[in-house]
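Chain by chain, the residues run as shown.
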Amino acid sequence: MSLSNVFGIAGSAMNAQTIRLNTTASNMANAESISSSIDETYRARKPVFSVQQTDPLADNEFGVAAGQGVQVLGIVESQAELRKEYNPEHPMADEQGFIYYPNVNVVEEMADMISASRSFQINTEILNTAKQMLQQTISLGQ
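Note that the structure is predicted; figures quoted are calculated from it, not measured.

*Asks:* Is there a simple way to explain the overall build of the protein in this structure?
*Replies:* A tally of regular secondary structure across the protein gives two helices and four strands. When the helices and strands of the protein are read in sequence order from the N terminus, they spell out α-β-β-β-β-α. The buried share of the protein, taken over its 142 residues, is 25%. A separation of at least 24 residues holds for 65% of the contacts in the protein among residues at least 6 apart in sequence. Split by element, the accessible area of the protein, about 9300 Å² in all, is 55% carbon and sulfur.

*Asks:* Quick question: what am I supposed to make of helix α1 (residues 3-29) here?
*Replies:* In this model, α1 (27 residues) spans 40 Å end to end at C-alpha, consistent with the 39 Å of a helix rising 1.5 Å per residue. Among all positions of α1, only Val 6, Ala 10, Ser 12, Ala 13, Met 14, Ala 16, Gln 17, Arg 20, Thr 23, Thr 24 and Asn 27 are buried. For α1, the elements touching its buried residues are β1 (45-51), β2 (70-77) and α2 (106-140).

*Asks:* Would you mind showing me how to read a nonpolar patch on the surface here?
*Replies:* A grouping of Val 48, Leu 73 and Val 76 is seen on the molecular surface, where their side chains present a nonpolar patch of about 240 Å² in accessible area. Mapping Val 76 onto the fold places it in strand β2. The partly exposed category is assigned to Val 76, whose relative accessible area is 43%.

*Asks:* Which parts of the structure should I look at to understand the side chain of Thr 41?
*Replies:* Inspection of the secondary structure assignment puts Thr 41 in the loop between α1 and β1. Look past the residues within four positions of Thr 41 in its chain and what remains in contact with it is Ser 35, Leu 82, Tyr 100, Tyr 101 and Pro 102.

*Asks:* I would appreciate a short explanation of α2 in the present structure.
*Replies:* An α-helical turn contains 3.6 residues, so any two residues separated by three or four positions project in the same direction. Over its 35 residues, α2 extends 51 Å from the first C-alpha to the last, a length consistent with the 51 Å expected when each residue adds 1.5 Å. Listed as buried for α2 are Glu 109, Asp 112, Ala 116, Asn 123 and Ala 130. Where α2 is buried, its residues meet α1 and β1. The residue sitting at the N-terminus of α2 and contributing the capping side-chain oxygen is Asn 105; that oxygen lies 3.1 Å from the backbone nitrogen of Val 107.

*Asks:* Got a minute to help me understand the environment of Ile 19 in this structure?
*Replies:* When you line up the elements, Ile 19 lands in helix α1. For Ile 19 and Ile 75, which are 56 residues apart along the polypeptide, the C-alpha to C-alpha distance reads 9.2 Å. Beyond its immediate sequence surroundings of up to four residues, Ile 19 is in contact with Pro 47, Val 72 and Ile 75.

*Asks:* In this structure, what is going on with the packing of aromatic side chains? I would like to understand it.
*Replies:* Remark: the centre distance and the inter-plane angle together describe each pair of aromatic rings, the angle taken between the planes. All told, the structure shown has one aromatic pair when counted by the stated rule. Taken together, a centroid distance of 5.5 Å and an interplanar angle of 70° make the contact between Tyr 86 and Phe 98 edge-to-face. Linking Tyr 86 in strand β3 (residues 83-86) with Phe 98 in strand β4 (residues 98-101), this pair joins segments that are 12 residues apart in sequence. Judged by relative accessible area, which is 54%, Tyr 86 ranks as exposed.

*Asks:* Is there a simple way to explain the pattern of salt bridges in this structure?
*Replies:* Counted under the stated rule, the structure contains six salt bridges. Of the charged contacts, one joins Lys 46 and Glu 109 as a salt bridge, the two residues approaching to 3.0 Å between their closest N and O atoms. Here the residue Lys 46 occupies a position in strand β1, and Glu 109 occupies one in helix α2, the gap between them amounting to 63 residues. With relative accessibility at 2%, the residue Glu 109 sits in the buried group.

Reading guide: rules and limits
Residues numbered from 1 in each chain as written. Predicted model: local features only at pLDDT ≥ 70, side-chain atom pairs only at ≥ 80, totals over all residues. Heavy atoms only, no water. Helix = DSSP H or I, 4+ residues; strand = E, 2+ residues; numbered from the N terminus. Buried < 20%, exposed > 50% of the residue type's maximum accessible area, 1.4 Å probe, protein only. Contact = heavy atoms within 4.5 Å. Areas by Shrake-Rupley, 256 points an atom, 1.4 Å probe, with all protein chains shown as cover. Expected span 1.5 Å × (residues − 1). Patch = residues over 30% accessible without salt bridge, like charges linked within 9 Å, V, L, I, M, F, W, Y side chains within 5 Å. Salt bridge = Lys/Arg side-chain N within 4 Å of Asp/Glu carboxyl O. Polar contact = N/O pair within 3.5 Å; in protein donor to acceptor, adjacent residues only side chain to side chain. Phe/Tyr/Trp six-rings, centres within 6.5 Å; stacked < 30°, edge-to-face > 60°.

Okay, structure coming up:
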């Protein structure tokens, strides 16, 4: 792998972590939103990542195709059960007196946010280190 590939790989990883942070922020912002129907209730969203490969048939010395970065396949909604609360006095209650909360676990979302933030920071450090190595290599030729 050449040093220039590092920039593309770290950049794609930073892009993936940005998407992860945005979906986590959206989940946390909607964690306490209330709905009167199961169909209208916000559901937690998670991004799906995959290895981005330029040539899946090209194996490395370990017999595994080399990855060229992170690809975001999409964002999926959680199928976990929604929180249901009996509150007939609430203006959003349905005809049975229930209100519905999203299936967002705030503690899990905070852990996900910390992990995504840390991954982003690590990839920033990788970019800085690669840049310094490239600058030192160029200065050797002078």
